[in-house]
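# Residue-level structure breakdown
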Amino acid sequence: DSDLTTIVNIVDEADTGTKTVTELINSNTSASDIASTVTTLPTTGEDGTPHEIVMTGTLTAAQLLALAESLKEDSDIQVNVDLSGATVSSDATTWTSTNSLETAFTSCLSLRSFKMPHGVTSISKGAFAGSLFLQSLTLNDELTSITGTNGTDSVSGFVGCTRLRTLTIPQS
């Protein structure tokens, strides 16, 4: 639903007493509301089920930065981020120092999995470096380059992602 601003769906598991929160956020949600949504999530339950953040619509660099900053706060809040149903605006197609997205998702301690939005064509430097608990990363079809700190070393974008077990690269 394109008129959707924020829907919160809390599932209370009777057996474990844990709560999984699914947040659906679209492009009409302000950067500050995005940050507030993530930072107010309850601590992930004993079963280890991460919360889900799903964003749709056209996302700006400011919205992506707000999301990333909110994921750096607390490793006790585990979050899967799915941006695969979203497209980035023209200010966020390349993740560089120009738009501050170059290291936006660096050291995101809450991040467990990340699905990249459509429209991102390039990520550079330490895009996800230091995101210690990141386990799964899904790139998009349009991504054509990943460059590291010296312009060629793409591995540096993932330094410190010691739990990264799944990297999905589309065939196209």
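Below is a short write-up of the structure. (Residues numbered from 1 in each chain as written. Predicted model: local features only at pLDDT ≥ 70, side-chain atom pairs only at ≥ 80, totals over all residues. Heavy atoms only, no water.)

### Looking at the overall build of the protein chain
The criterion, for reference: Runs of E in the DSSP output that reach at least two residues are strands. Runs of H or I that reach at least four are helices, and both are numbered from the N terminus. Three labels apply to residues, based on accessible area from a 1.4 Å probe with only protein chains included: buried if under 20% of the type maximum, exposed if over 50%, partly exposed otherwise in between. In what follows, residue pairs with any heavy atoms lying within 4.5 Å of each other are defined as contacts.
For the protein chain, the helix and strand inventory stands at 2 helices and 12 strands. In the protein chain, the succession of α and β elements from N to C terminus is β-β-α-β-β-α-β-β-β-β-β-β-β-β. For the protein chain, buried positions account for 45% of its 172 residues. By sequence separation, contacts in the protein chain at least 24 residues apart represent 65% of the contacts at least 6 residues apart.

### Some words on helix α2 (residues 61-70)
The buried count for α2 comes to 7 of 10 residues, which makes it a mostly enclosed element. Taken as a whole, α2 has its buried residues at Ala61, Gln63, Leu64, Ala66, Leu67, Ala68 and Ser70. In this structure, the buried residues of α2 make contact with α1 (31-39), β3 (51-55), β4 (57-59), β5 (79-82), β6 (86-88) and β7 (94-95).

### Quick word on unusual backbone geometry
Its identity is not glycine, yet Ser107 carries a phi of approximately 60°, on the positive side. Examined against the element boundaries, Ser107 turns out to sit in the loop between β7 and β8 (111-115). Note on Ser107: relative accessible area 34%, which makes it partly exposed.

### Looking at the state of the cysteines
Filter applied, for reference: The term disulfide is used for any two cysteine sulfur atoms that are within 2.5 Å.
Considering all chains together, one arrives at 0 disulfides under this definition. Free cysteine: Cys108, not disulfide-bonded; nearest cysteine sulfur from Cys161 at 9.7 Å. On the accessibility criterion, Cys108 (0% relative accessible area) is buried. A relative accessible area of 9% means that Cys161 is categorised as buried.

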